[in-house]
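Listed here are the chains, written in short residue letters.
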Amino acid sequence: MILSVSRRTDIAACYPDWLFERLKEGYVLVRNPHNPRQIGRISISPETVDGIVFWTKNPGPMMGRLGELEKYPYYFQFTLTAYGPELERNLPSKNRVLIPLFQRLSKEIGKERVVWRYDPIFFGGAYTPEYHSRYFEVLAAKLAPYTEKCTVSFLDLYRKTERNLRGLDILPMTRELQIETVQRFAEIAKKYNIEIDACAEPLDFSKFGVPRARCIDKARLERIGHYKLKAGKDRNQRAECGCMESIDIGAYHTCVNGCLYCYANDSQEEAKRNFRHHDPAGPLLWGRVEEGDVIRERKMCSRADGQMSLFVKSDTNPPPSPSAARNP
C-alpha cells in the first residue's frame, strides 16, 4: 500500500504534528469525500505501508523530524513556481525560504527523493509564456543539483478557480500555447540535465521528450525502497494519469496555503474554518467522529515482495533497516 500525503491538502506544511502522531498510533481515519458519513479506518503501520508520497509547497514544518520516517520508503513532490504572493498568499519567500529549503531537503534525503513540480501553469496578466520560461530557467539553474526530475501541468479551470482568479484576465488555454510552453521547458530542462514529464495532460508531448508523468511512481519507490511492488495503475484517477494505486489520507477544504488557483478548496474561509477544528492528536484530519458516522476497517496489505532487490539501481541512501522489510 502506498500513502498519498496528500492530493487533497498540504499535510506537510499545515498538519505535520498530526501526521507524525498518526504514524506513531499506526492508524488514521479518513472521511469518504463523496459520502462524508462513511469513514475508513486505515492501518498505516510499517507492515502495511510500502511507501509514502508527499505533495507539498513547504515541507519546512517537517524538517527536523524526518528521522521518524526511517521505516518507510518515501519521497517528496515539492511544488515551486514563479507566482508571487498575490496568488500564493500564505507561502514564505521563494528566494529566502523555499529554494534554500528545497536544497536542504535534497542534501538530507537525496535528490532522488525530491521531485520538483512546476504547476499549475496558466497565463494572464504578467504571467505570460515568456515570464514562465524565464523564471522556469531561473529555478532550474538553482534546483538542478538537487533533483532529478521536474513535473509540469496546466491549470484546469474549474468554476471555483475561475471565480478566485477573476480579475487576472486568464487567457484561454490553447493547444498552441501548451505546445510552445512545453517545448521551451523541455529545452531548458535538457540544458540543466533535468528529466521533465507532464502530469495528466490530454495532449501527448512525448515527441518533445516529455512523457506522461507517474507522480506516484512505482519505479521510483522500488529504487528507493530496494524492493519490487505488485501494484497497478490507479483506476480512480484520470485516464491520462500514470500514477500507481494509492490511498490518500487528506481531506478537501483544509489547506491554508492560500493559493488562489487551488482546486482542493471551495474557499479560503472554509479552509480556515476547518483548520480551526483540527486536533493534532485526533484520528481525523479535522473535526470529530459524530453520531451517524459509520466507521469501516479497510483491509490493508503490503504489495512489496518482501525481499530487497539486488538488481534495483542503488542510490545515495542506505537500504531500509530490517524492520522495514515487508511480507506479501
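For the structure, check the block above.
For every chain, the first residue of the written sequence is number 1, and numbering continues from 1 along that sequence. Reporting in this predicted model follows two pLDDT cut-offs: at least 70 for local features of residues, and 80 or more for side-chain atom pairs to be given and counted; totals over whole chains, interfaces and linings ignore these cut-offs and use all residues. Hydrogens and waters are ignored; side-chain quantities use all the structure's heavy atoms.

### Observations concerning the side chain of Thr147
Part 1 of the reasoning: Within the fold, Thr147 resides in the loop between α4 (129–143) and β7 (149–154).
Part 2 of the reasoning: Every residue in contact with Thr147, bar those within four places of it in the chain, is listed here: Phe102, Lys111, Val114, Val115 and Trp116. Each helix corresponds to a stretch of at least 4 residues labelled H or I by DSSP, and each strand to a stretch of at least 2 residues labelled E; elements are numbered beginning at the N terminus. Any pair of residues with heavy atoms lying within 4.5 Å of one another is described as a contacting pair.

### Here we look at the packing of aromatic side chains
Part 1 of the reasoning: Note on aromatic pairs: the rings of Phe, Tyr and Trp (six-membered ring only in Trp) are paired at centre separations within 6.5 Å, and the planes decide the class, stacked below 30 degrees, edge-to-face beyond 60, tilted for the rest. By the definition in use, this model includes 17 aromatic pairs.
Part 2 of the reasoning: Between Tyr83 and Tyr261, the ring centres sit 5.6 Å apart and the planes meet at 50°, which makes this aromatic pair tilted. Here Tyr261 lies in the loop between β9 (247–248) and α8 (268–276) and Tyr83 lies in the loop between β5 (74–79) and α3 (94–109), a separation of 178 residues in the sequence.
Part 3 of the reasoning: Working definition: with a 1.4 Å probe on protein chains only, accessible area under 20% of the residue-type maximum means buried, over 50% means exposed, and in between means partly exposed. Residue classification places Tyr83 among the buried residues on the basis of a relative accessible area of 3%.
Part 4 of the reasoning: Consider the rings of Phe136 and Phe185, whose centres lie 3.9 Å apart with planes at 10°: the pair is stacked. Residue Phe136 is located in helix α4, and its partner Phe185 is located in helix α6 (residues 175–191); the two are separated by 49 residues in the primary sequence.
Part 5 of the reasoning: Every member of this aromatic cluster is reached through a ring pair, and the members are Tyr83, Phe122, Tyr127, Tyr131, Tyr135 and Tyr261.
Part 6 of the reasoning: The residue whose ring lies beneath Arg22 is Tyr27, and the NZ or CZ to ring-centre distance is 4.7 Å. We call a charge positioned over a ring when the NZ of a Lys or the CZ of an Arg lies within 6 Å of the ring centre and within 35 degrees of the ring normal.

### A look at α3
Part 1 of the reasoning: Regarding α3, the residues found buried are Lys94, Leu98, Ile99, Leu101, Phe102, Gln103, Leu105, Ser106 and Ile109.
Part 2 of the reasoning: Close packing links the buried residues of α3 with β5, β6 (114–121) and α4.
Part 3 of the reasoning: The N-cap residue of α3 is Ser93: its side-chain oxygen and the backbone nitrogen of Asn95 are 3.4 Å apart. Here a polar contact is taken to be a pair of N or O atoms separated by no more than 3.5 Å, where protein atoms must pair a possible hydrogen donor with a possible acceptor and residues adjacent in sequence count only if both atoms sit in side chains.

### Let's talk about the packing of α3 against α4
Part 1 of the reasoning: In the contact formed by α3 and α4, the axes pass within 10 Å of each other and the chain directions differ by 45°. The pairing of α3 with α4 is recorded here as oblique in orientation. Contacts from Asn95, Ile99, Phe102 and Gln103 of α3 reach α4 at Leu139, Lys142 and Leu143. Axes here refer to lines fitted to C-alpha atoms; in helices the fit is confined to the stretch in contact. Angles between the N-to-C directions go from 0 to 180 degrees. Roughly parallel means an angle under 35 degrees; roughly antiparallel means over 145; roughly perpendicular covers 65 to 115; every other angle is labelled oblique.

### Quick look at the nonpolar core
Part 1 of the reasoning: The set of buried Ala, Val, Leu, Ile, Met, Phe, Trp, Tyr and Cys residues whose side-chain atoms join them within 4.5 Å is what this entry labels a nonpolar core. Grouped together as the largest cluster of nonpolar side chains are 80 residues, with contacts concentrated most on Trp116 and Tyr118.
Part 2 of the reasoning: Discounting chain neighbours no more than four positions away, the residues touching Trp116 are Phe78, Leu80, Phe102, Phe136, Leu139, Ala140, Leu143, Thr147, Lys149, Cys150, Thr151 and Ile194.
Part 3 of the reasoning: Grouped together as the second largest cluster of nonpolar side chains are 19 residues, Tyr75, Cys199, Leu221 and Ala304 included.

### Digging into the sheet that holds strand β3 (residues 35–43)
Part 1 of the reasoning: Here, a strand pair is defined by DSSP locating no fewer than two bridges between the strands. The strand order across the open sheet formed by 3 strands is β2-β3-β10, and the pairing between neighbours is mixed. Since the sheet does not close on itself, it has two edges, and those belong to β2 (27–32) and β10 (294–297), each with one partner. With direction set aside, neighbouring strand axes in the sheet form an average angle of 25°.
Part 2 of the reasoning: Sheet analysis places β3 next to β10, joined by 4 bridges and oriented parallel. Bridge assignment links Gly40 to a residue of β10, and that residue is Arg296.

### A short note on a positive patch on the surface
Part 1 of the reasoning: Nonpolar side chains (Val, Leu, Ile, Met, Phe, Trp, Tyr) are joined into patches within 5 Å and like charges within 9 Å, using only residues with over 30% relative accessible area and no salt bridge. Exposure was quantified through the Shrake-Rupley algorithm and a 1.4 Å probe, taking into account, for residues, occlusion by the shown protein chains and nothing else. Salt bridges are identified by distance alone: a Lys or Arg side-chain nitrogen within 4 Å of an Asp or Glu carboxyl oxygen. Neither His nor the chain ends is counted toward charge; the positive residues are Lys and Arg and the negative residues Asp and Glu. Just so you know, the charge point we use is NZ for Lys, CZ for Arg, CG for Asp and CD for Glu. Taken together, the side chains of Arg89, Lys272, Arg273 and Arg276 define a basic patch exposed on the protein surface.
Part 2 of the reasoning: Owing to a relative accessible area of 53%, Arg89 belongs among the exposed residues under this scheme.

### A look at the side chain of Asp119
Part 1 of the reasoning: Relative to the helices and strands, Asp119 is located in strand β6.
Part 2 of the reasoning: Among the polar contacts listed, one links the side chain of Asp119 to the side chain of Arg117, at a separation of 3.3 Å.
Part 3 of the reasoning: Setting aside anything within four residues of it in sequence, one finds Asp119 in contact with Thr79, Thr81, Val152 and Ser153.

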